[in-house]
Every structure is written in structure tokens, then in C-alpha cells.
Amino acid sequence: MAGLDKRVASYEEALEGLSDNMTVLAGGFGLCGIPENLIAEIRRRGVKGLTVVSNNCGVDGFGLGVLLEERQISRMIASYVGENALFERQLLDGELEVELTPQGTLAERMRAAGAGIPAFYTATGYGTPVAEGKEVREFNGRHYILEQALPGDFAIVKGWKADRFGNVIYRHTAQNFNPLAAMAGRITVVEVEEIVEPGELEPSQIHTPGIYVDRIIQGTFEKRIEKRTLRG
């Protein structure tokens with residue numbers, strides 16, 4: 001994508017260049033702030049052997065869960081299994097390679113990739129299976145494990161508003177993993193609810209500067225609730 005105008009006209013164009021065996025970083029938490037239409041386009045394209053990095057893997061029949069149904073994901077790097085029974089079954093049956101990573105570590109691994117930091121030490125996970133096979137060092141009497149950054153070939157991100165230069169604002173809890181994923185993609189694609197003209201977004205409110213964004217597209221969203229709780 002050349003020039004300042006990052007808008008694309010179709011989801012097919014938004015994911016141009018995505019191919020088998022790539023690494024895809026996906027924003028969102030549960031079903032909040034997920035790039036649902038970009039996920040649907042990945043499914044439509046039928047690419048296989050993907051490594052997907054996301055906090056979780058959606059639910060059965062929605063979000064990243066639809067890619068599990070089509071056996072398009074070969075490796076998942078996530079914080080938890082969540083409400084997805086298919087994710088659990090594929091993990092237990094050995095059909096899906098899974099790397100479970102503490103939530104804060106997963107966030108920092110993406111942030112580090114975007115900041116050009118190849119690896120960092122953290123105390124989180126020391127003395128647990130998370131630390132197996134990783135370098136350990138002691139600092140000030142405490143043990144830390146070395147975690148590597150997590151860059152991606154593509155980052156798919158859900159924003160609220162963006163201008164055509166690619167500056168993005170996220171709404172409420174969609175600020176979770178989306179800004180971090182946006183930093184770490186070689187090609188970052190953002191779908192938003194509204195695209196405005198440059199100057200309409202308050203500069204101090206912008207979460208992801210356009211320098212990180214390659215393509216933006218305006219979409220419509222279902223916004224499902226992952227788990228409904230009722231009080232009698």
C-alpha cells in the first residue's frame with residue numbers, strides 16, 4: 001500500500017497477499033473488539049497452516065472459531081481456551097499445536113515486536129511449564145525467563161473510528177490487544193465502524209498512529225455477547 005490514503009474497497013483487497021503458513025495476529029478479547037469480518041474473509045480465502053496469535057480463539061461458530069472448523073489453523077498461541085469446545089477438543093486430540101502464554105506476557109510479546117525489541121525477561125511463568133525450554137537468568141535475587149517477541153505476517157485489528165490516513169481510535173475494552181497487534185504486523189489491516197476525514201479525530205485521543213497501519217476498511221458488525229449472565 002503506497003501513499004497516505006490507507007482505505008481499501010473490499011475485504012478481498014484488505015487481505016491481499018495472505019497465504020498458507022503465515023502468522024496472523026488477531027486483536028480482541030473473547031468476542032469483544034474482534035475483527036470478525038476479516039476473520040470471515042480468511043475463512044473464505046481457504047488459506048491453511050496458519051499460526052494465529054490471539055488472546056483466545058473465539059467461540060464455536062464465530063470469531064476465530066470458524067477457522068478451527070475449517071482446519072485452517074495449525075498452531076495457536078493464546079492465553080486461554082475460553083468457551084470454545086472445538087478448540088479444547090483439537091488441543092486434547094493433538095490436532096492443533098497450542099502454546100498457552102500468560103496474558104500479560106502475550107501482550108508484551110506483541111508490543112515488543114512492534115517496538116523492535118527481540119526478547120525480554122519476565123518473572124511470570126518461572127517454575128511452571130511456561131518456562132520449559134526457555135533461558136532463565138537471575139536479577140536481584142529473583143528468577144526471570146526469556147520470552148521472544150511475536151511479530152506477524154499480518155495483523156487483523158478492530159477499531160471504532162479511523163481517518164483515511166490510518167489513525168485509529170478504539171472504543172472502551174477494544175483497547176485490549178488491538179493496539180498491540182496493530183504494532184506488530186508486517187501488514188496491519190484495520191476494520192472500523194466509521195472512517196472520517198483527517199483532522200476530525202482529536203490527536204490526543206488516537207490510540208494507533210497511521211504509521212503502523214497499511215490498510216483500513218469500513219464494515220458492519222454483529223457484536224455478539226460471548227456469555228450472557230442474567231440476574232433474577
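Being a predicted model, the structure only gives us computed values, none of them experimental.

What to know about the pattern of salt bridges
Here's step 1: Summed over all chains, the structure comprises 13 salt bridges.
Here's step 2: Among the ionic pairs, Asp5 bridges to Arg7, the shortest N-O distance being 2.6 Å.
Here's step 3: The exposure class assigned to Arg7 is partly exposed, which follows from its relative accessible area of 39%.
Here's step 4: Where Lys158 meets Glu193, a salt bridge forms, and the shortest distance between an N and an O atom there is 2.9 Å. Placement of Lys158 in strand E8 (residues 152-158) and of Glu193 in the loop between strand E11 (185-192) and strand E12 (194-196) is noted, with a sequence separation of 35 residues between them.

Thoughts on unusual backbone geometry
Here's step 1: You will see that Asn21, though not glycine, has its phi angle at about 70°, which is positive.
Here's step 2: Asn21 sits in the exposed class, given a relative accessible area of 61%.
Here's step 3: With a phi angle near 50°, His172 is a residue other than glycine that sits in the positive phi range.
Here's step 4: Note that His172 resides in the loop between strand E10 (168-169) and helix H6 (178-184).
Here's step 5: Taking the relative accessible area as the measure of exposure, His172 reaches 57% and is therefore exposed.

Notes on the sheet that holds E8
Here's step 1: The parallel open sheet is built from seven strands, whose spatial order is E4-E3-E2-E1-E8-E11-E13. Looking at the sheet topology across the chains shown, the edges are occupied by strand E4 (97-100) and strand E13 (215-218). Sheet twist, expressed as the mean angle between neighbouring strand axes with direction ignored, is 20°.
Here's step 2: As judged from the six bridges shared by E8 and E11, these two strands associate in the parallel manner. Bridging across to E11, Lys158 finds its partner in Glu191.
Here's step 3: Running over the sheet, helix H5 (residues 103-115) touches strand E1 (23-26), strand E2 (50-53), strand E3 (73-78) and E4 and is turned about 105° from E3.

A look at the environment of Ala26
Here's step 1: Residue position: Ala26 is located in strand E1.
Here's step 2: Taking the relative accessible area as the measure of exposure, Ala26 reaches 1% and is therefore buried.
Here's step 3: For the pair Ala26 and Val52, spaced 26 residues apart in the sequence, the C-alpha separation amounts to 7.2 Å.
Here's step 4: Beyond its immediate chain neighbours, meaning those up to four positions away, Ala26 contacts Val53, Ser54, Leu64 and Ile156.

Thoughts on the state of the cysteines
Here's step 1: Taken as a whole, this structure holds zero disulfides when the rule is applied.
Here's step 2: The structure places no disulfide on Cys32, whose sulfur is separated from the nearest cysteine sulfur, that of Cys57, by 17 Å.
Here's step 3: Residue class for Cys57 comes out buried when judged on its relative accessible area of 0%.

Focus: the packing of aromatic side chains
Here's step 1: Per the counting criterion, the structure on display carries three aromatic pairs.
Here's step 2: Pairing Phe139 with Tyr144 gives two aromatic rings, centres 5.5 Å apart and planes at 80°, and the pair type is edge-to-face.
Here's step 3: Since its relative accessible area comes to 30%, Phe139 is described here as partly exposed.
Here's step 4: Ring pairs connect the aromatic residues Tyr121, Phe139 and Tyr144, which therefore count as one cluster.

Structural notes on the pairing of E2
Here's step 1: Burial along E2 is two-sided: the face carrying Leu50 and Val52 and the face carrying Thr51 and Val53 are both buried.
Here's step 2: Pairing analysis gives four bridges linking E2 to E3, with the strands arranged parallel. Among the inter-strand pairings, Leu50 is bridged to a residue of E3, identified as Ile73.

What counts and how
Residues numbered from 1 in each chain as written. Predicted model: local features only at pLDDT ≥ 70, side-chain atom pairs only at ≥ 80, totals over all residues. Heavy atoms only, no water. Salt bridge = Lys/Arg side-chain N within 4 Å of Asp/Glu carboxyl O. Buried < 20%, exposed > 50% of the residue type's maximum accessible area, 1.4 Å probe, protein only. Helix = DSSP H or I, 4+ residues; strand = E, 2+ residues; numbered from the N terminus. Pairing = 2+ DSSP bridges. Axes fitted to C-alpha atoms, helices over the stretch in contact; angles between N-to-C directions. Contact = heavy atoms within 4.5 Å. Disulfide = S-S within 2.5 Å. Phe/Tyr/Trp six-rings, centres within 6.5 Å; stacked < 30°, edge-to-face > 60°.

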